[in-house]
Amino acid sequence: MSRRFFGTDGVRGRVGEDPITPGMVMRLGYAAGKVLVAAEHDSLHGERPAVLIGKDTRVSGYMLESALEAGLTAAGVDVRLTGPMPTPGVAYLTRALRLQAGVVISASHNPYDDNGIKFFSAQGTKLPDAVELAIEEAMESPIRTASSKGLGRVKRVDDAAGRYIEFCKGSFPYELDLRGLRIVVDCAHGAAYHIAPHVFHELGADVVAMGNEPDGLNINHHCGATHPEALAKAVRKHRADVGVALDGDGDRLMMVDANGEIADGDRLLYVIARDRKESNHPLAGVVGTLMTNLGTEQALRGLGCGFVRAQVGDRYVLEQMQANGWLLGGETSGHILCLDKHSTGDGIISALQVLAALRRSGLRLSDYIQSCPIYPQVLINVRVVKGFRLTDHPEIHAAVAQAEADLAQTGRVVLRASGTEPLIRVMVEGREQTQVTAWAEAIAQAVRSAAGI
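Residues numbered from 1 in each chain as written. Predicted model: local features only at pLDDT ≥ 70, side-chain atom pairs only at ≥ 80, totals over all residues. Heavy atoms only, no water.

Draft legend 1. Quick peek at the sheet that holds strand E7 (residues 154-156). A sheet is described by the order of its strands in space; here seven strands give the open sequence E1-E2-E6-E5-E3-E4-E7, paired in mixed fashion. In this open sheet, the two edge strands, each paired with only one partner strand, are strand E1 (6-7) and E7. For E1 and strand E2 (residues 10-14), the ladder comprises two bridges, and the chain directions are antiparallel. By the bridge assignment for E2, glycine 7 is matched with glycine 10. Against the sheet, helix H3 (residues 87-96) contacts strand E3 (50-55), strand E4 (78-84), strand E5 (101-105) and strand E6 (114-120), and its axis sits at roughly 165° relative to E5. (Pairing = 2+ DSSP bridges. Helix = DSSP H or I, 4+ residues; strand = E, 2+ residues; numbered from the N terminus. Contact = heavy atoms within 4.5 Å. Axes fitted to C-alpha atoms, helices over the stretch in contact; angles between N-to-C directions.)

This is the structure we're talking about:
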């Protein structure tokens, strides 16, 4: 059965258009309730199952939350509400409260007029493909509302933010603190706006918060991990030691050094790996993705780390980590997974691992950046119509073959469809900026021509 609704990170789209409508989300909630609860049936001991719902700060979250509640309670599932809560916070609380599943209403780094639904298992991990397909199949069946006595009930988890703050702080070494550091924290006007500044402050840092005044419409707008240039400017203005930028749902991370230079997920992954090697923590290898910079791969191998690439998407990074028995992996976009700290990617916890490295080594973030050279990389997003298939256009593959022949062993070409938007992502990297730019533009133009743009 092929996917209709689920992408690489749940169900996502424009609010008011299928599948992000009240009716479709209610059906999704009902189907998820039936499938996830059936999977956990043996552990319920006759009790009514319960699911946690968290959301980011988009104005549409209220509407979709109500639709999910209706679907889940109609299926006989109790609902626990957290209000605004980072995606990794929902994953943690689902485990901590021993619930059957967690649901996040968020479109992550997308603009406010998109939204989405993603699920976590009882173990706080993303759902396997097979479970998502089972939920899609269940959506084809009509809603059969439970009896009045069997309907689910809804309660709010009043201490959700405090619980998650303490969990994040617990991932930082007890013998260290952040005293003497000035940190600018950009919350992207998203789900971490009332959490991230407290975490760093309570560990001793002098915190300058920005992007912490959500109005339902300004999430990710020229701020956060998708626009770290705003953070770079603020770090220089406040003469801070480091800057931390999260995205709208708090699972991505970008950081900025005292000079305003941006460290993406690749470089931050290197910082954490190097710190673990130098502090004699076991580190057999690191998982990256097809987009991980070649310079980062070489720097990691220079540490004596194994390195493998997964498909783009933190779920696929996690699968590869589990297959290898490794604890560290991540994406260029800033999704970083430290499985000894959390079951899923967490921007706040990842930032704390980087800050722990700075504290342990006495080095600055800029020192680490300089020791992890990055190859020039050009990424061009080409918008296409839904259903556009790369495999139907040999002229695109001919352009890719020409580029690969010219780059030889000194670069790479990655061409892939986005899992969340109707985009083809063209990435070219190599040693020479002009060569990389020219080939990226040539391949992007081939895609535009094939798509009739």
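Draft legend 2. Here's a closer look at the pairing of strand E11 (residues 253-257). Here E11 lies mainly inside the structure; five of its five residues are buried. Of the two faces of E11, the one carrying Leu253, Met255 and Asp257 and the one carrying Met254 and Val256 are both buried. As defined by bridge partners, strand E10 (residues 242-246) adjoins E11 across five bridges and the pair is classed as antiparallel. Bridging from a neighbouring strand, valine 244 pairs with methionine 255 of E11. Taking the residues that link successive antiparallel strands as the turn, the E10-E11 hairpin has six residues, and the phi of glycine 250 there is positive, at about 80°. Pairing between E11 and strand E12 (residues 262-263): two bridges, direction antiparallel. (Buried < 20%, exposed > 50% of the residue type's maximum accessible area, 1.4 Å probe, protein only.)

Draft legend 3. Focus on a nonpolar patch on the surface. Judged by side-chain polarity, Val59, Tyr62, Tyr112 and Leu217 come together as a nonpolar surface patch covering roughly 420 Å² of accessible area. Tracing the sequence through the fold places leucine 217 in the loop between strand E9 (206-210) and helix H7 (229-238). Among the residues examined, leucine 217 registers a relative accessible area of 45% and is labelled partly exposed. (Patch = residues over 30% accessible without salt bridge, like charges linked within 9 Å, V, L, I, M, F, W, Y side chains within 5 Å. Areas by Shrake-Rupley, 256 points an atom, 1.4 Å probe, with all protein chains shown as cover. Salt bridge = Lys/Arg side-chain N within 4 Å of Asp/Glu carboxyl O.)

Draft legend 4. Focus on the state of the cysteines. Evaluated as defined, the whole model comprises zero disulfides. Here cysteine 168 stays unpaired: no disulfide links it, and the sulfur of cysteine 187, its closest cysteine neighbor, is 12 Å away. For cysteine 168, a relative accessible area of 0% puts it in the buried group. For the unlinked cysteine cysteine 338, the closest cysteine sulfur is that of cysteine 168, found at 12 Å. (Disulfide = S-S within 2.5 Å.)

Fair warning: the whole summary comes from geometry, so function is off the table for now.
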